[in-house]
Amino acid sequence: MDEKTLDIIISRYEAPAGRLLGIMGEIQNQEGYIPRETLEILSVKLEVPLSQLYGLATFYSFFSLKPVGDHVITVCMGTACHVKGAVKILKALEEMLGIKSEASEDGKFSITTEDKKFTLEIARCFGACSMAPVLRVDGNLYGYATPENLPGILAEYGWERHEN
Amino acid sequence: MTHEEVSSMGTAAKLVTVTINGKKYGADEDEILLSVAVREKIAIPHLCYEASLDPYGACRLCMVEVVRHGKREMVTSCTTRVTDGLEVVTDGPEVVKHRSILFELYLAEAPKSEVIKAMAARYGVTKTRFLKKIDTTDSLGNKCILCGLCVRACNELMGAGAIGFVNRGPYTVVNTPYFEASRDCLGCGACVKVCPTNAVEMEDQKNERIMKSWSNTRVPLAQCDCCGRYYAPKALAATILARVTPSLKEEIARCCPECRGKLIAKKEILAKTGGAR
Ligand code: SF4
Ligand code: FES
Ligand code: FES
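Residues numbered from 1 in each chain as written. Chains lettered and ligands numbered in written order. Predicted model: local features only at pLDDT ≥ 70, side-chain atom pairs only at ≥ 80, totals over all residues. Heavy atoms only, no water.

1. A short note on the packing of aromatic side chains
Point 1. This structure, assessed with the given rule, holds 5 aromatic pairs over all chains.
Point 2. Relative to Phe-63 of chain A, the ring of Tyr-60 of chain A has its centre 6.2 Å away and its plane inclined at 90°; by these criteria the two rings are edge-to-face.
Point 3. Take Tyr-60 of chain A: its relative accessible area is 32%, and that puts it in the partly exposed class.
Point 4. Sitting over the face of the ring of Tyr-178 of chain B, Arg-36 of chain A holds its NZ or CZ atom 4.2 Å from the ring centroid.
Point 5. Lying across the ring of Phe-126 of chain A, Arg-136 of chain A places its NZ or CZ 4.6 Å from the centre. (Phe/Tyr/Trp six-rings, centres within 6.5 Å; stacked < 30°, edge-to-face > 60°. Buried < 20%, exposed > 50% of the residue type's maximum accessible area, 1.4 Å probe, protein only. Lys NZ or Arg CZ within 6 Å of the ring centre and 35° of its normal.)

Below, the structure is given as structure tokens:
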């Protein structure tokens, strides 16, 4: 992110309360992740230690430190969705995208396909439990998901089955 | 020391009487309950209390029972300030139960900490039912209880902000941003000093100080012009120099504290004797 854009974002947050999260939220939205240089510049501009910003970035699942793909798929792993088969949905998605989930160091779950088209993430309860299991693609919510209706959903985002 | 004796010393603060385990003790009003207990040699286990920082109440080990307005409640003694007539019980059954569970949790959270093992054993806890957290790559040697004292000393006392909490929940650790050597670290070692479980590792090697726990951050040490030994991190010396009067600067900038003492003494003797030996 260039410095001018960052300055504009910063200028929108005058009050100290919620300032850091607000600014970092906008960076996340615009870039799709929090680039390291941006976080470092922000630390200098706001005179906040980088350790504090890094702490926030790694605490909230909303922030990502790695670039994400063109489309972000978030699978709800909350209680209701879990009971209704979220694990099966996640496994099916992994299989469709050809990626494998593994426990990461930071406990955040986020994997991006090699062609950078899709990122698969998990979250806890979207508050849409009545439609469990639920997933979200770029902000659009899909309920009553089954491994069978996933290809239809992902096709809307340009997914094609690769025969291998 | 009795209440009267303390009063006769003429301290400015208002004096109050508190009852701890049935015995009466004098204390300054608004004094921290834990520090009253420590002074009176009443054992209350505690890990995260650090007098140079504001009370925070992170470890929960210093729980006691107090009676206020006729009601019993459990409070952390490091965040409770004494008022007149306060009644305290430090080893009632509820406190003991609470403590034992906490010790078990800490034995699992920081299984390699000798400090915790010894403290828990003193209160009769030698085993834990919880799964011990063993991570061979942990830069804090499986001794950290995440009390945050090092983070706060670095931030609030030193103004460096080199380390912080990273991640969340069971994945939380203390370290530098991006797990890389820190540019903000002064190498002061305040973190080492405040850590209640001796988890933070640091080592001086010749002209460098290595903060092993903090992603092996290396800081250069300043050399004494007089005796040649390496005595303090350069960055720390610079921060301190910025705060002292110019007339003292030169001696401080050049020599280690020991040589500085000798140098100043020599100067004074010379001044008094008019330069004659
Ligand atoms: S390293 Fe020591 S002082 Fe820092 S959080 Fe862990 S236990 Fe507390
Ligand atoms: S548990 Fe998935 S929406 Fe609530
Ligand atoms: S010493 Fe009181 S909570 Fe840790």
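2. Thoughts on the state of the cysteines
All names here are of chain B.
Point 1. For the coordinates displayed, the defined rule picks out 1 disulfide over all chains.
Point 2. Across the disulfide from Cys-226 sits Cys-255; the S-S distance is 2.4 Å. Here Cys-226, found in the loop between strand E10 (217-223) and strand E11 (230-233), pairs with Cys-255, found in the loop between helix H8 (246-254) and helix H9 (257-273); they are 29 residues apart in sequence, far enough to count as distant.
Point 3. Residue class for Cys-226 comes out partly exposed when judged on its relative accessible area of 37%. (Disulfide = S-S within 2.5 Å. Helix = DSSP H or I, 4+ residues; strand = E, 2+ residues; numbered from the N terminus.)

3. A look at the packing of helix H2 (residues 19-31) of chain A against helix H3 (residues 36-46) of chain A
All names here are of chain A.
Point 1. Relative to each other, H2 and H3 sit at 150°, their axes nearing to 12 Å. With respect to H3, the element H2 is oriented roughly antiparallel. Where H2 crosses over H3, the two elements pack in a sense that is right-handed. Only Thr-38, Leu-39, Leu-42 and Leu-46 of H3 make contact with H2, whose side of the interface consists of Arg-19, Leu-20, Ile-23, Met-24 and Ile-27.
Point 2. The class makeup of the residues in the contact of H2 with H3 is 7 nonpolar, 1 polar and 1 charged. (Axes fitted to C-alpha atoms, helices over the stretch in contact; angles between N-to-C directions. Parallel < 35°, antiparallel > 145°, perpendicular 65-115°, else oblique. Left-handed = near helix turned anticlockwise from the far one by under 90°. Contact = heavy atoms within 4.5 Å. Nonpolar A, V, L, I, M, F, W, Y, C, P; charged D, E, K, R; others polar.)

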